[in-house]
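Next come the chains, spelled out residue by residue.
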Amino acid sequence: MLTKFETKSNRVKGLSFHSKRPWILTSLHSGVIQLWDYRMGTLIDRFDEHDGPVRGVHFHKSQPLFVSGGDDYKIKVWNYKTHRCLFTLLGHLDYIRTVQFHDEYPWIVSASDDQTIRIWNWQSRTCISVLTGHNHYVMCASFHPKEDLVVSASLDQTVRVWDIGALRKKTVSPADDMLRLSQMNTDLFGGVDAVVKYVLEGHDRGVNWASFHPSLPLIVSGADDRQVKIWRMNDTKAWEVDTLRGHMNNVSCVMFHAKQDIIVSNSEDKSIRIWDATKRTGIQTFRREHDRFWILAAHPEMNLLAAGHDSGMIVFKLERERPSFSVSGDTMYYVKDRFLRFYEFSSQKDNQVVSIRRPGSMSLNQGPRTLSYSPTENAVLICSDVDGGSYELYIIPKESVGRSDYMQDAKKGAGGSAVFVARNRFAVLDKSSNQALVKNLKNEIVKKGTLPVATDAIFYAGTGNLLCKAEDRVVIFDLQQRIVLGELQTPSVKYIVWSSDMESVALLSKHAIVIANKKLVHRCTLHETIRVKSGAWDENGVFIYTTLNHIKYCLPNGDSGIIKTLDVPVYITKVSGSNIYCLDREGKNRVISIDASEYIFKLALFRKRYDHVMSMIKNSQLCGQAVISYLQQKGFPEVALHFVKDERTRFNLALESGNIQIAVASAKEIDEKDHWYRLGIEALRQGNTSIVEYAYQRTKNFERLSFLYLVTGNIEKLSKMLRIAEIKNDIMGQFHNAMYLGDIRERVKILENAGHLPLAYVTAATHGLTEISERLAAELGDKVPSLPEGKARSLLMPPAPLTSSGDWPLLRVMRGVFEGGLDVIGRAEEEEEEEGAGADWGEEELDIVDVERVIQNGDITAEDDEAEQNEENEEEGGWDLEDLELPPEIDTPKASSNVRSLFVAPSPGMPVSQIWINKSSLAGEHAASGNFDTAMRLLNRQLGIKNFAPLKPLFMDLHMGSHTYLRAFAMASVISIAVEKGWSESASPNVRNPPALVFKFSQMDEKLKAAYRATTEGKFPEALRLFLNILHIIPLIVVDSRREVDEVKELIEIAREYVLGLKMEVKRKELKDDLVRQQELAAYFANSKLQKIHMRLVLTSAMTICFKGGNYATAAHFARMLLEGSPNEAQAKKARQVLQACGDRKDANQLNYDYRNPFVVCGATFVPIYRGQKDVSCPYCASRFVPSIAGQLCSVCELAVVGADASGLLCFAAQTR
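The rules behind each value
Residues numbered from 1 in each chain as written. Predicted model: local features only at pLDDT ≥ 70, side-chain atom pairs only at ≥ 80, totals over all residues. Heavy atoms only, no water. pLDDT = per-residue confidence, 0-100. Contact = heavy atoms within 4.5 Å. Helix = DSSP H or I, 4+ residues; strand = E, 2+ residues; numbered from the N terminus. Buried < 20%, exposed > 50% of the residue type's maximum accessible area, 1.4 Å probe, protein only. Expected span 1.5 Å × (residues − 1). Arc of directions from axis to C-beta. UniProt positions renumbered as here; feature names shortened; annotations may be inferred. Salt bridge = Lys/Arg side-chain N within 4 Å of Asp/Glu carboxyl O. Phe/Tyr/Trp six-rings, centres within 6.5 Å; stacked < 30°, edge-to-face > 60°. Lys NZ or Arg CZ within 6 Å of the ring centre and 35° of its normal. Pairing = 2+ DSSP bridges. Axes fitted to C-alpha atoms, helices over the stretch in contact; angles between N-to-C directions. Core = buried A, V, L, I, M, F, W, Y, C linked by side-chain atoms within 4.5 Å.

Q: Can you tell me about the confidence of the model for the protein, naming the residues and giving the values?
A: Across the protein, the average pLDDT comes to 84, with 88% of residues at or above 70. Every residue in residues 824–890 scores below 50 in pLDDT, and together they form 84 contacts with partners more than four places removed in sequence or on other chains. A low-confidence stretch, residues 895–901 (pLDDT under 50), is modelled with 17 contacts involving residues beyond four sequence positions or located in other chains.

Q: Go over unusual backbone geometry, please, and point to the residues and values.
A: The phi angle at tyrosine 73 is positive, at roughly 65°, despite the residue not being glycine. Although it is not a glycine, aspartate 671 sits at a positive phi angle of roughly 50°. Mapping aspartate 671 onto the fold places it in the loop between helix H8 (660–670) and helix H9 (673–685). According to the relative accessible area criterion, aspartate 671 is partly exposed, its value standing at 44%.

Q: Lay out helix H30 (residues 1129–1142) in plain terms, naming residues and giving numbers.
A: Helix length check: H30 (14 residues) gives 20 Å between terminal C-alpha atoms against 20 Å at 1.5 Å per residue, within 8%. Here H30 has its buried residues at Gln1131, Ala1132, Ala1135, Val1138 and Cys1142. The arc that holds every buried residue of H30, seen down its axis, measures 125°, which confines them to one face. Away from its buried face, by an angle of more than 90 degrees, H30 presents the exposed residues Glu1129, Ala1130, Lys1133 and Gln1140. Considering only its buried residues, H30 is in contact with helix H28 (1092–1108) and helix H29 (1112–1124).

Q: Report on the UniProt feature "repeat: WD" (unreviewed entry) in the protein, specifying residues and quantitative values.
A: UniProt's entry tags residues 47–88, 89–130, 131–164, 200–241 and 244–285 with the feature "repeat: WD" (unreviewed entry), counted in the numbering of this structure. When the span residues 131–164 is considered, its composition is 0% helix and 59% strand, and the gap between its end C-alpha atoms is 10 Å.

Q: Summarise the pattern of salt bridges; cite the residues concerned and give the values.
A: Applying the stated criterion across every chain yields a total of 40 salt bridges. The salt bridge partner of arginine 648 is glutamate 672, with a shortest N-O separation of 2.6 Å. Of this pair, arginine 648 sits in helix H7 (residues 647–657) while glutamate 672 sits in the loop between H8 and H9, placing them 24 residues apart in sequence. According to the relative accessible area criterion, arginine 648 is partly exposed, its value standing at 38%. On the basis of relative accessible area, glutamate 672 is assigned to the partly exposed category, the value being 33%. Residue arginine 1056 is joined to glutamate 1057 by a salt bridge in which the shortest nitrogen-to-oxygen separation is 3.3 Å. Overlapping salt bridges, with partners in common, bring together Glu6, Lys8, Arg288 and Asp291 in one network.

Q: If you had to explain the packing of aromatic side chains to someone new, which residues and values would you point to?
A: Taken as a whole and judged by the stated rule, the model has 32 aromatic pairs. Ring geometry for phenylalanine 66 and tryptophan 78: centres 5.7 Å apart, planes at 10°, overall stacked. Of this pair, phenylalanine 66 sits in strand S7 (residues 65–70) while tryptophan 78 sits in strand S8 (residues 75–79), placing them 12 residues apart in sequence. Considered together, phenylalanine 66 and tryptophan 78 belong to a single accessibility category, that of buried residues. Residue placement shows arginine 1145 over the ring face of tyrosine 1112; its charged tip is 3.9 Å from the ring centre. A cation over an aromatic ring shows up here: arginine 1156 above the ring of tyrosine 1155, its NZ or CZ 4.8 Å from the ring centre.

Q: Describe the sheet that holds strand S23 (residues 262–267), with residues and values.
A: Across the sheet, which stays open at both edges, the four strands sit in the order S22-S23-S24-S25 with antiparallel pairing between neighbours. Taken across any chain shown, the strands that pair with only one partner, and hence form the sheet edges, are strand S22 (251–256) and strand S25 (281–287). Ignoring which end each strand starts from, the neighbouring axes of this sheet average 20° apart. Strand direction decides the pairing type here: strand S24 (residues 271–276) and S25, joined by six bridges, are antiparallel. Bridged to serine 271 within S25 is arginine 287.

Q: Tell me about the nonpolar core, and please be specific about residues and values.
A: Residues Leu939, Phe1027, Phe1118, Tyr1180, Phe1185 and Cys1197 are the most contacted members of the largest nonpolar core, which totals 94 residues. Broken down by element, the residue count for this core peaks at 10 residues, all from helix H26 (residues 1042–1070). Filtering out sequence-adjacent residues up to four positions away, cysteine 1197 remains in contact with Leu1028, Leu1031, His1032, Cys1178, Tyr1180 and Cys1181. If you look at the next biggest cluster of nonpolar residues, it comprises 59 residues, including Leu555, Val613, Met616 and Leu705.

Q: Can you tell me about the pairing of strand S45 (residues 493–498), naming the residues and giving the values?
A: Burial runs high along S45: five of the six residues are buried. Bridge count for S45 against strand S46 (residues 504–509) is five bridges, and the pairing is antiparallel. Its bridge partner lying in S46, tryptophan 498 is registered against valine 505. Here S45 folds back onto S46, and the loop between the two strands holds five residues, one of which, methionine 502, carries a positive phi near 60°.

In structure tokens form, the structure reads like this:
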């Protein structure tokens, strides 16, 4: 059994397949009716108006209707398109067991526990006949598919066949009066529309089901006596033919299979049994563990069955319907109805070649599964599941083609699968030993080879190679060298399709396709929701495949799409141009013509064959939302433009591709504020100021216009904006424009007119307009505001523009393949536009929109007579318009003088600072580029640094030092220029060197000398500051050689020793009272690794302190150490005196210091950590600490966290970790 779909639900009592769509209705014991799509595996709808279990359900063959009958005595007719119950038929007095539509007449037959069968007319919605005669529950009733018969089964142990011929006649022509009279009598006294033809008795218990054979005069019935009986009938009588025994409990449903000569029955013994209808023997049994079966349904057209059980239902097939075939060049061998056939694609000739043995139908699914063909030897291998997997080898003589009588005894053998691997060799899979047996055409084993994975099936993979399929992977195995050539993890593979050049392979699973190359290197994976059926490669390297209901394509980059929808599944054998050759489930060859332009177009785009793309755009009917969104997604908005008629979409695409002309044209058509605004933004990005100006004018966005004129330095137009603001009585706008212009008198006038006299006075006084300020002071009288004393006055004056800039200059570039060739804007349109353009928009002065549009609140025009009137009315406060020259109509600015321009705006490059950090892991370079956050992250990762406060000034210095700054002109912002290391004039402008850093390793030498000097002079705080500065700079240093990397590490060590020692010395000097601790710190300082000169000074100091403190043994130890270190005369003399004075005297105080035991000093607590004791260290300076300090800030370098994980210092570009 091949399960296609399964549901989990309440007990299923009724099932019905739709004749055309992949739908099945299930009626449940809970009263719900479910509508499922078994192909997609989804629940489409549910209907729950019945009260109690629904036992019968049936789809109409041609109308969008189904009928249901339930335990609420109701028959309901539903329309599944409107999702509602159309009407209810009432009449039965007990549970309704089954309902069924007639294929032709508007009838429904129903069987009920009220011991009757009723026939209803669903158009007139009446009961037209009641069939009485059973004397117990009627368990089922159904129409004969062709004749006027009804069969019913009842718990009275009988099966009855009823003749309804009279009913048909009455339905077809109840015309004349006599018939009408007899019909009245019938309605009164019980009719003879349906008469019992036969009563079949033979079951010992109640009969649950009876059904007709689709074409033969046979009936099959199943009963509570656990038997299935076959009955035959003729015109006069019916009799029992045979009994099928095997079920262990009540048989609940039984039927003949429409396509095969078998009977299917199911039972409450939790099994479905398949019987051979001719031999009348059991073929196969399918069992469920816990669920009793109740109902069976067969698809009216397809080879599908469904069975309902206690916890849901299953849709299944009994046998595979995929024809086995093998394609070689222009020919194909395939198996159909016990014959091997030969098909030629070019001539479409189809011939029978050899009759092949048909296995006895002792079990299902024994037909040919796969076929392998060797063209040179004309040999065919046919594999099937007979005897647990076997193959047959046929060698076809050339002259036998077309002779149907040719017979041949095939060479046979056992094996999971068999394929040709060479001209006269084939490999057979022996699953038990996981070996491939290589055989010759005499069926003799030539060689054996163990396979590299647990193999389920083998496929051809080129001469001498096998593709072995395991559960979760496929492997290509070379049989000769016994090596694995490639391996790939995949979902369980069912079929394999090689391209004709054997360079690519498609691995087909149930719901996925994996494309790989010949070495099984993965290229792409496609997932499908419904089952993948077959596939073939076309000559362009596109994989064409079929699912249950579509033909689809898959491009080499993994993009896929639908080519055609299918009514029934087909199996592709070959793709040639726009023809797809395939086999259907009946084994018939079909040729399907397709339109390949969509995938050829996408392939040309993918392969960058833009000439093909161009010609396809010009010549083909490619269009549609899918192509447009595909082009947009792939970054070709300029190509998508040429498919689009919708102005909004054109506008969006034009903006995306930077095509200002088309955007302007579309914006004009749409004419919405938002679109003009967006156009303005894009034009501004491209520096196309005339279009920006036009866009702002169209939306009357005067504030933006003023600002645009300010930044482009267009003083003349700014003055006009001031006049417009005046006309519109927009005081704020006036004031802004006056500020932009730097017109002080205008500003004072505006403030005065607005009634802000104090502000007007302050403005006039500040800017030195004494006459006006005096006049205003007189008006204000006592209220004159006082100007602040001693404050430097700054004038609010905008910088004067050096030039009034127009559109940005454009780079000359090569014409792109899509420019020019794709101009959809018709040539005619272009010519018109060019005629209208008297002057190029780059130079022409753009005057402002006409005043009618500007001034909403009055009919103001610039005609002479009105202007004169205005002059006369000046005293009455009219507007003064005499010198405002406004044109009557505005032309649209053009982006450039010619639509077919060769100029495009340059795309912005990557800033140098970004280039610096792209490949660098050096913190110094990141800080220099200004990326402080990444520099900090790098330092944290490499050195565990957490305290960045000491590094902040260094970061700033690095950043400032690796950039230089140019002032262009007054209104422009400062331009920063990156300073590169080792720059020379001959260097290529495209090659960027790393940044020039202000901190160099060579400077460290000077810093170290200065720190040594301070130490020698005893300036300990100063020395400590210098050594710490060295430790803080080192993480940001970049060196040029590996030798210098070692020197940097050495420098860290030196600085660490000095910082630790100096910190102890500073601490010692702070302790005045604790003499013992003073001696300990002096002793620890003497343990540091210092320069000899400093070592002698430290030892002298430690010797002196210990001698004074009475610790003579320790003092003597230091004196001896001092004498060993070649001291100067004074130091040597002092040491000898101390040794003499100490003699053998002991220490007065116990110090935490044992010079015999090697130790290091904890950088935080200043106590010794002797060898063998646990400690933690700083990831940067490597100072050691007692374990309790872990997680705190290192007190030596003051940067890193003690005990943190870090990868180590990186200071050289080629340094690897």
